[in-house]
Amino acid sequence: MEHWAKKKKNEEAENQFQRLPDDVVLHILDKVSDIKWLCRCFMVSKRFSSLIPRVQTLSVNSNIWDSFLKSCSDSHNEGVNNTHGPIRSLNLELISDFDVDDDSVFKWGAKFMAELDSITFLCAKSLSRMMKSEADEDATENEIAQEELFHSAKLAIRCLEYAFWWLRVLSQVFAKFPMLESVTITDWKNKGVKLCLGGEKLVECRHILVTKPPISPKRGKAWWQEQGNAMVGYVPGLQLPISGYVMKGVTIVYFKMSDNDFEAATAMLDAFAEDQGPFLEAVVQILEKHKDSIKAFF
Amino acid sequence: MASSIENNNEKLTLKSSDGEEFLVEKHVALQSTLLQNMLDSDCSSADVIPLPKIDARTLALVLGYCKKHADASSSKQGELNSFDSEFLKDMDMGALFNLVLAANFMEIKGLLDIAAQKIADTIKDKPHQEVREIFHVENDYTPEEEAAVREENRWAFEGFP
C-alpha cells in the first residue's frame, strides 16, 4: 500500500500540467479569468506566459482597472499589454462604493440604443418575503415623505454617476480591445443590472462611443433637469407573486439621456430585462398598474 | 424521432486504456460528442470502441457523470448542480487531471467545464511558487527573466507577497 502510494505520488510529480494540451490549459485559465491573477501567473513558467495572452475571458475589478489601463500604455513590447489584441470576450465586474448599508433596496439599469438611451432607477423602503397574512394587506401611506424623496433622488444621482463611469469604462474597453465581440459589466454588489453588449448592438455602440465620447456626469446632471428628461413615480406597495416578495415604498426614477423618440415605458423594462429578481417584476407591475403615478420630475 | 426512442435501449462497449470493457447505454454515451459523432458516422454499436487515453478508473467516473446527466430531466438543474459539486469534492489533483483530459478527449463539455473550474479555483489567489509546487511545473525562467516579468506586471503584485 505504501509502495503504491509512493509510486502514485511520483507519477503525479512527473505529470500534471505537462500532460495537458494547450487548449485544455487555456480552458482552465479561461475559468480563472481574473486579470490580476492571470498577470501573476506570467511568473509561473514560460508556457503559462505564452498561453495567458490567448485567454478570452477576463474579469477586472474597478480598483485595478486604472492600473491595468496604465500598465497597457506603459509597456509596449511584452507582457499582457500588446498581446491583448485578440480578446473577444470581456466580463467586467466593477466595484461600486455607495454610501449606504448593504440592506438598502435599490437597483439601477441602463437602456442602450447604440448610444445610452436612458437610465432607470428603482428603490424601495423595504423588500421582504411574501407572507400569507400579508397578501391582502394594503399599504396605507399613499404619499412619499419629502425626506424620503430626497434620499431616493440622491441615490438615483449616485447611480447616474456610476452609469457614466460604466460608459467611460466601456469606451476605454472598445479602444483597447478592437476585436471584442461581447462585453458584460456587472456590479459587485448587484446594485446595477448586468449590462450585456454583443453582436450588432456592440458594433453600433462602439461606433458611437468612438466618434462621440460619453458626456460627463456634470453635464448629465444639467441635462436631467430639463423638462421631461427625468421622471419619477411612487407606489406605496407592490405584491410580487412571481418572485415571492413584497416591496414597500417604491420609487422609480427615469433619466432620458438621448434625443431619440424611444418610449419611456419600454426603455424602463429593457433596462431591467437582465435582472433576475423582484426588481424586474416590480417595474413590470408599476408600468401595468401604476403608470399614472410616473410624472415629470420638474 | 421514433428511431431514437427505438434505439434507446441499445448498448455499446467502451474499452479503457488498461483493457477493461464498459457496457454503456446509448443515451448515456450520447453525452459525449466524440461518441455521438462516431455513432452518427455509421460506426456499428456492436463494435468495441477503444479509448486508448483513458484508464478504467477515470472512465468509470466519466460514465457515472454521463449517466447522471443523461437520466436527469432538465427540470432538475438544482439537483444536477449539487451532484456536480459533490462529484469533484475531495478528488485528488491526479484524478482531476485525468478527468479533465478524458472530458476533453471525449468532448463532454459540461464535465470539462466543471473539472477546469475546479482546477482554476484550486490555484486562484495562490502565489506563483505555490502554483508551481501544486502542479509540479518547472520554473524555466532565469532569475533575471523572472524579475523582468514581475516588473512588467508590477501592478498585479501590489499588496501581494
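Residues numbered from 1 in each chain as written. Chains lettered and ligands numbered in written order. Predicted model: local features only at pLDDT ≥ 70, side-chain atom pairs only at ≥ 80, totals over all residues. Heavy atoms only, no water.

Peer 1: What's the story with the overall build of chain B in this structure? I'm lost.
Peer 2: Counting secondary structure elements, chain B contains 9 helices and 3 strands. Its helices and strands in sequence order give chain B the pattern α-β-β-α-α-β-α-α-α-α-α-α, from N to C terminus. Residue pairs at least 24 apart in sequence account for 57% of intrachain contacts in chain B once pairs closer than 6 positions are excluded. If you sum the accessible surface of chain B, you get close to 8700 Å²; carbon and sulfur atoms cover 50% of it. (Helix = DSSP H or I, 4+ residues; strand = E, 2+ residues; numbered from the N terminus. Contact = heavy atoms within 4.5 Å. Areas by Shrake-Rupley, 256 points an atom, 1.4 Å probe, with all protein chains shown as cover.)

Peer 1: Is there a simple way to think about the overall build of chain A in this case?
Peer 2: Counting its secondary structure elements, chain A contains 10 helices and 9 strands. The burial tally for chain A puts 49% of its 298 residues in the buried class. If you take every contact in chain A between residues at least 6 apart in sequence, the share linking residues at least 24 apart comes to 73%. When the accessible surface of chain A is split by element, carbon and sulfur atoms take 52% of a total near 14900 Å². (Buried < 20%, exposed > 50% of the residue type's maximum accessible area, 1.4 Å probe, protein only.)

Peer 1: Teacher, can you tell me more about the interface of chain A and chain B here?
Peer 2: Interfaces are often sized by the amount of accessible area the parts lose when they come together. Listed per partner, the contact involves 38 residues of chain A and 42 residues of chain B. When the two sides are added together, the surface that chain A and chain B hide from each other amounts to roughly 3500 Å², 64% of it contributed by carbon and sulfur. Interface area lost by chain A to chain B is led by A:Lys31, A:Arg40 and A:Met43, which between them contribute 21%. The interface formed by chain A and chain B contains 2 salt bridges. With a closest N to O distance of 3.3 Å, A:Lys46 and B:Glu145 form a salt bridge. The interface formed by chain A and chain B contains 12 residue pairs in polar contact (both at pLDDT 80 or more). Looking at the side of chain A that touches chain B element by element, the count peaks at 6 residues for helix α2 (residues 22-32) of chain A. (Buried area = accessible area lost by both parts, 1.4 Å probe. Salt bridge = Lys/Arg side-chain N within 4 Å of Asp/Glu carboxyl O. Polar contact = N/O pair within 3.5 Å; in protein donor to acceptor, adjacent residues only side chain to side chain.)

Peer 1: What exactly am I supposed to notice about the packing of helix α9 (residues 264-271) of chain A against helix α10 (residues 278-289) of chain A here?
Peer 2: Packed helices, taken two at a time, are described by their axes: the angle between them and the distance between them. Residue and element names in this part refer to chain A. Between α9 and α10, the shortest axis-to-axis distance is 9 Å and the interhelical angle comes to 165°. What the angle tells us is that α9 and α10 run roughly antiparallel. As α9 packs across α10, the resulting crossing turns out to be left-handed. Contacts between α9 and α10 pair Ala265, Met268 and Leu269 from the former with Leu280, Val283, Val284 and Leu287 from the latter. Class assignment of the residues belonging to the contact of α9 with α10 gives a composition of 7 nonpolar, no polar and no charged. (Axes fitted to C-alpha atoms, helices over the stretch in contact; angles between N-to-C directions. Parallel < 35°, antiparallel > 145°, perpendicular 65-115°, else oblique. Left-handed = near helix turned anticlockwise from the far one by under 90°. Nonpolar A, V, L, I, M, F, W, Y, C, P; charged D, E, K, R; others polar.)

Peer 1: I'm lost on the sheet that holds strand β1 (residues 59-60) of chain A in this one. Help?
Peer 2: Each strand in a sheet pairs with another by means of backbone hydrogen bonds, the pair being arranged parallel or else antiparallel. Residue and element names in this part refer to chain A. Here 4 strands make up an open sheet; going across it, the order is β1-β2-β5-β6 and the pairing mixed. Each of the sheet's edge strands pairs with one partner strand only, and the pair in question is β1 and β6 (195-198). Note: strand β2 (residues 89-94) against strand β5 (residues 182-187), 6 bridges, orientation parallel. The residue of β5 that forms the bridge with Leu92 is Ile185. Its contacts with the sheet place helix α7 (residues 199-211) against β5 and β6, and it is angled at close to 95° to β6. (Pairing = 2+ DSSP bridges.)

Peer 1: Explanation requested: the state of the cysteines in the structure shown.
Peer 2: Working definition: the covalent bond between the sulfur atoms of two cysteines is a disulfide. Residues and elements named next belong to chain A. Inspection of every chain in the model, using the stated rule, returns 0 disulfides over all chains. Unpaired in terms of disulfides, Cys41 finds its nearest cysteine sulfur in Cys39, a separation of 9.4 Å. Free cysteine: Cys123, not disulfide-bonded; nearest cysteine sulfur from Cys159 at 8.7 Å. Assessed through its relative accessible area of 6%, Cys123 is described here as buried. (Disulfide = S-S within 2.5 Å.)

Peer 1: What is the right way to read the pattern of salt bridges from this model?
Peer 2: Once the charged atoms of two side chains with opposite charge are near each other, the side chains can pair. Scanning all chains against the criterion turns up 15 salt bridges over all chains. Measuring nitrogen to oxygen at the nearest pair gives 3.0 Å for the salt bridge that ties A:Lys111 to A:Asp270. Remark: A:Asp270 occurs in helix α9 and A:Lys111 occurs in strand β3 (residues 105-113); sequence separation between them is 159 residues. By relative accessible area, which is 11% here, A:Lys111 ends up buried. Take A:Asp270: its relative accessible area is 33%, and that puts it in the partly exposed class. The partner of B:Glu25 in a salt bridge is B:Lys67, and the shortest N-O contact between them spans 3.8 Å.

Peer 1: Help me out: how do you make sense of the sheet that holds strand β8 (residues 245-256) of chain A in this one?
Peer 2: Residue and element names in this part refer to chain A. Strand order in the open sheet formed by 5 strands is β3-β4-β8-β7-β9, with antiparallel pairing between adjacent strands. Since the sheet does not close on itself, it has two edges, and those belong to β3 and β9 (295-296), each with one partner. Here β3 runs beside strand β4 (residues 115-129); their pairing, made up of 9 bridges, is antiparallel. Within the sheet, the bridge partner assigned to Trp108 lies in β4 and is Phe121. Relative to the sheet, helix α6 (residues 146-176) contacts β3, β4, β7 (230-240) and β8, its axis offset from that of β4 by approximately 135°. Against the sheet, α10 engages β3, β4, β7 and β8, with an angle of about 110° to β7.

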